[in-house]
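Architecture at a glance
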Amino acid sequence: MSLTPALTDETTTWLRHQRTAHREFATRLAAVTDWSAPTPDTEWDVAALVAHVIEEQQWVPWLLSGLSTKQARSRLDRIEDDLRMEWHRYSLAATTAWRDAQPGSRVNLSYDTVDVIDYLKEQVADVTIHTWDLARAVGASEELDDDLVAAVWTVFEPQRDTLEASGLYASPVVVPEDAPLLVRLLAVTGRDPR
């Protein structure tokens, strides 16, 4: 008899979304030729955007192991100059940690303690939005996996009124109610793909 809790359908689905999001990001990363190009995140150029996404992946194994953010911070390595190599290194580490995470466990984040599934959703959403940012910055395809976009919409849409107030997102962009879901998703996070 196994003592490990079984994965729920929701967890299995979000683990698949996590792999898809990482694959989508890696594809856009491969297209980078100008690391100093501007991005939709006005405070970051391409290199800073990619470094941010890598850094978010660095935290995952430590936080999923039960460490606090203070304990995890002391274990983070400096991101090396070869950002493509660093992405592959930390993407693999995060993906492995997600696969091995105990369903139903809690994760200590800087703002709260949340269920592992909620942290997973947050991470998938972050990588997905920044994949579009990177695509726009490097002139790569801005289309994202439909199932991934639909899943990330379920994370951001309920927060539409609080995203700007968080200080992490620009003001929402007004788009038609019948705009494609990707356009509406980007608009909620202050991005205008038009």
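Shown above is the structure to which this text applies.
This text gives an overview of the structure that appears in the document. (Residues numbered from 1 in each chain as written. Predicted model: local features only at pLDDT ≥ 70, side-chain atom pairs only at ≥ 80, totals over all residues. Heavy atoms only, no water.)

**Examining the layout of surface pockets**
We count it as follows: The rule is simple: put a 1 Å grid over the protein atoms alone, call a set of points where a 1.4 Å probe fits but cannot get out a cavity, call an open set with protein on both sides within 12 Å along at least five of seven lines a pocket, and count a residue as lining if it has an atom within 4 Å of a point. Grid points are joined across faces, edges and corners, and a volume is the space filled by probe spheres set on the points. Every helix listed is a DSSP run of H or I at least four residues long, and every strand listed is a run of E at least two residues long, numbered separately from the N terminus. Throughout this entry, Asp, Glu, Lys and Arg are counted as charged residues, while Ala, Val, Leu, Ile, Met, Phe, Trp, Tyr, Cys and Pro are counted as nonpolar. The remaining residues, Gly among them, count as polar.
Space inside the second largest pocket adds up to approximately 200 Å³. What lines the second largest pocket is Trp153, Arg160, Pro172, Val173, Val174, Val175, Pro176, Glu177, Arg184, Ala187 and Val188. Among the elements that make up the lining of the second largest pocket, the one with the highest residue count is helix α7 (residues 181-188) (3 residues). Residue classes in the lining of the second largest pocket are distributed as 8 nonpolar, no polar and 3 charged.

**Digging into the packing of helix α6 (residues 146-156) against α7**
Definition in use: Axis definition: a line fitted to C-alpha atoms, over the contacting stretch in the case of helices. Angles run 0 to 180 degrees between N-to-C directions. Definitions for this section: a left-handed crossing has its near helix turned counterclockwise from the far helix by less than a right angle. A right-handed crossing has that turn clockwise. Contact definition: two residues touch when any of their heavy atoms are within 4.5 Å.
Following both chains from N to C, one finds α6 and α7 inclined at 35°, their axes separated by 10 Å at the closest point. For α6 against α7, the interelement crossing comes out left-handed. Between α6 and α7, the residues in contact are Val149, Ala150, Val152, Trp153 and Phe156 and Leu181, Leu182, Arg184, Leu185 and Val188, respectively. In the contact of α6 with α7, the residues fall into 9 nonpolar, no polar and 1 charged.

**Focus on the nonpolar core**
The test is simple: Nonpolar cores are built from buried Ala, Val, Leu, Ile, Met, Phe, Trp, Tyr and Cys residues. Side-chain atoms within 4.5 Å join them into one set. Buried, partly exposed and exposed residues are distinguished by accessible area as a fraction of the type maximum, computed with a 1.4 Å probe on protein chains only: under 20%, between the cut-offs, and over 50%, respectively.
Counting 52 residues, the largest nonpolar core has Leu64, Trp98 and Tyr119 as the members making the most contacts within it. Breaking this core down by element, the ones donating at least two residues are α1 (9-30), α2 (46-64), α4 (83-100), α5 (116-138), α6 and α7. Take this core: its biggest share by element is 11 residues, from α5.

**Observations concerning α1**
Stated formally: Helix span, as expected, comes to 1.5 Å for every residue beyond the first.
Taking 1.5 Å per residue, 22 residues should reach 32 Å; α1 reaches 32 Å between its end C-alpha atoms and fits that length. Those residues of α1 not exposed but buried are Thr11, Trp14, Leu15, His17, Gln18, Thr20, Ala21, His22, Glu24, Phe25, Arg28 and Leu29. The inward-facing, buried residues of α1 contact α2, α4, α5 and α6.

**Structural notes on the pattern of salt bridges**
The following threshold applies: Salt bridge criterion: a side-chain nitrogen from Lys or Arg within 4 Å of a carboxyl oxygen from Asp or Glu.
A full pass over the atoms with the stated rule returns 10 salt bridges. Between Arg89 and Glu86 there is a salt bridge whose closest N-O contact spans 3.4 Å. In this pair, Arg89 and Glu86 are both assigned in helix α4, 3 residues apart and thus about one turn of the helix distant. Taking the relative accessible area as the measure of exposure, Glu86 reaches 3% and is therefore buried. It is possible to trace a salt-bridge network through shared partners that takes in Asp41, Asp133 and Arg191.

**A short note on the packing of aromatic side chains**
What counts here: Aromatic pairing here means that ring centres of Phe, Tyr or Trp (its six-membered ring) are within 6.5 Å. Orientation follows from the plane angle: under 30 degrees is stacked, over 60 is edge-to-face, and everything else is tilted. Two conditions define a charge located above a ring, namely a distance within 6 Å from the ring centre to NZ of Lys or CZ of Arg, and an angle within 35 degrees of the ring normal.
Applying the stated criterion across every chain, the model contains 2 aromatic pairs. On the numbers, 4.6 Å between centres and 50° between planes, the contact of Phe25 with Trp87 is tilted. In this pair, Phe25 sits in helix α1 while Trp87 sits in helix α4, placing the two residues 62 residues apart along the sequence. Centroid distance Trp98 to Tyr119: 5.1 Å. Interplanar angle 50°. Geometry classified as tilted. One end of the pair, Trp98, is in helix α4; the other, Tyr119, is in helix α5, and 21 residues separate them in sequence. Accessibility classification places Trp98 together with Tyr119 in one group, the buried group. The residue whose ring lies beneath Arg75 is Trp62, and the NZ or CZ to ring-centre distance is 5.7 Å. Between the NZ or CZ atom of Arg184 and the centre of the ring of Trp153, over which it lies, the distance is 5.4 Å.

**Let's talk about the packing of α5 against α6**
For the pair α5 and α6, interaxial distance at closest approach is 9 Å and the crossing angle is 120°. Helix-helix and strand crossings are classified by hand; for α5 and α6 the assignment is left-handed. Residues Lys121, Val124, Ala125, Thr128 and Ile129 of α5 form the contact with α6, whose participating residues are Leu148, Val152, Val155 and Phe156. Taken together, the residues of the contact of α5 with α6 sort by class into 7 nonpolar, 1 polar and 1 charged.

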